[in-house]
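Below, each chain spelled out in residue letters.
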Amino acid sequence: CYGDGNDTNYYYTDFTLYIWDNGTSKFTYGIDITGPGAATAEGITIGSTVDALTAAYGTGYVEEVMDYVYTVGECNMRFTISGGIVTYISYNYNL
C-alpha cells in the first residue's frame, strides 16, 4: 500500500498500473511493463537490447545485480537485463 487510502492495480496484457486513491485524488505510483506491446516514452520495450537502452537513457544508471536503475526526478526506472536483452521494466515513485 502506498499510503493511507486504497490501492488499485489495473492489469493489462503487457503492463500493470498501480494507483493510490486517498478519497479526494488518485495518484499513479507505479507501472510495470512485462510484454513487448508496451514501451517507455523513449521506445524501450521488452526485447530491446542494452545498447538501445543506453542509447535512449544514457549511462547514468546504477547497476544492481541484473538491473539497470535510472533515477528520473522522484522516480526510479528499473530495467532487468538477461543476456543483453531487457526482460522487465518497472517505473516507480520513490517511497
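About the thresholds
- Residues numbered from 1 in each chain as written.
- Predicted model: local features only at pLDDT ≥ 70, side-chain atom pairs only at ≥ 80, totals over all residues.
- Heavy atoms only, no water.
- Pairing = 2+ DSSP bridges.
- Helix = DSSP H or I, 4+ residues; strand = E, 2+ residues; numbered from the N terminus.
- Phe/Tyr/Trp six-rings, centres within 6.5 Å; stacked < 30°, edge-to-face > 60°.
- Buried < 20%, exposed > 50% of the residue type's maximum accessible area, 1.4 Å probe, protein only.
- Salt bridge = Lys/Arg side-chain N within 4 Å of Asp/Glu carboxyl O.
- Axes fitted to C-alpha atoms, helices over the stretch in contact; angles between N-to-C directions.
- Contact = heavy atoms within 4.5 Å.
- Polar contact = N/O pair within 3.5 Å; in protein donor to acceptor, adjacent residues only side chain to side chain.

K.L.:
Could you clarify how one ought to interpret the pairing of strand β1 (residues 6-11) in this entry?
P.N.:
Two faces, one strand: in a regular strand the side chains alternate between the faces of the sheet. The pairing of β1 with strand β2 (residues 15-21) spans six bridges and is classified as antiparallel. In the sheet register, D7 faces β2, and the bridge partner there is W20. Between β1 and β2, which pair antiparallel and follow one another directly, the connecting turn spans three residues.

K.L.:
Explain the packing of aromatic side chains here, please?
P.N.:
For any pair of aromatic rings, geometry is given as the distance between the ring centres together with the angle between the planes. Counted by the stated rule, this structure contains eight aromatic pairs. Centre to centre, the rings of Y61 and Y68 are 4.1 Å apart; their planes meet at 10°, and the pair counts as stacked. What makes Y61 partly exposed here is its relative accessible area of 24%. When the ring of Y70 is compared with that of F79, the centres are 5.9 Å apart and the planes differ by 85°; the resulting orientation is edge-to-face. In this pair, the class of Y70 matches that of F79, namely buried. Connected via pairs of aromatic rings, a cluster forms that spans Y57, Y61, Y68, Y70 and F79.

K.L.:
What am I meant to see in the pattern of salt bridges here?
P.N.:
In a structure, side chains of opposite charge can pair up when their charged atoms sit close to one another. A full pass over the atoms with the stated rule returns two salt bridges. Linking R78 and E64 is a salt bridge whose minimum nitrogen-to-oxygen distance equals 2.9 Å. Taken together, the residues R78 in strand β6 (residues 75-82) and E64 in strand β4 (residues 62-64) connect sequence positions 14 residues apart. Classification of R78 by relative accessible area gives partly exposed; the value is 26%. Bridged by salt links that share partners, the residues E64, D67 and R78 form one connected network.

K.L.:
Looking at this structure, how should I read the sheet that holds strand β3 (residues 26-33)?
P.N.:
Backbone hydrogen bonds hold the strands of a sheet together, and the pairing may be parallel or antiparallel. An order of β1-β2-β3-β7-β6-β5-β4 is seen for the seven strands of this open sheet, with the pairing classed as antiparallel. Two strands in the sheet have a free side with no partner beyond their single neighbour: β1 and β4. Along the sheet, successive strands turn relative to each other by an average axial angle of 20°, direction set aside. Where β3 and strand β7 (residues 85-93) come together, four bridges link them in antiparallel fashion. Bridge pairing links I33 to I89 in β7.

K.L.:
Would you mind showing me how to read the environment of Y88 here?
P.N.:
Summarising the element assignment, Y88 is placed in strand β7. The partly exposed category is assigned to Y88, whose relative accessible area is 29%. In sequence terms Y88 and R78 are ten residues apart; their C-alpha atoms lie 8.0 Å from each other. If sequence neighbours within four positions are ignored, Y88 has contacts with D32, I33, T34, I46, R78, F79 and T80. One polar contact links Y88 to D32, side chain to side chain, over a distance of 2.8 Å.

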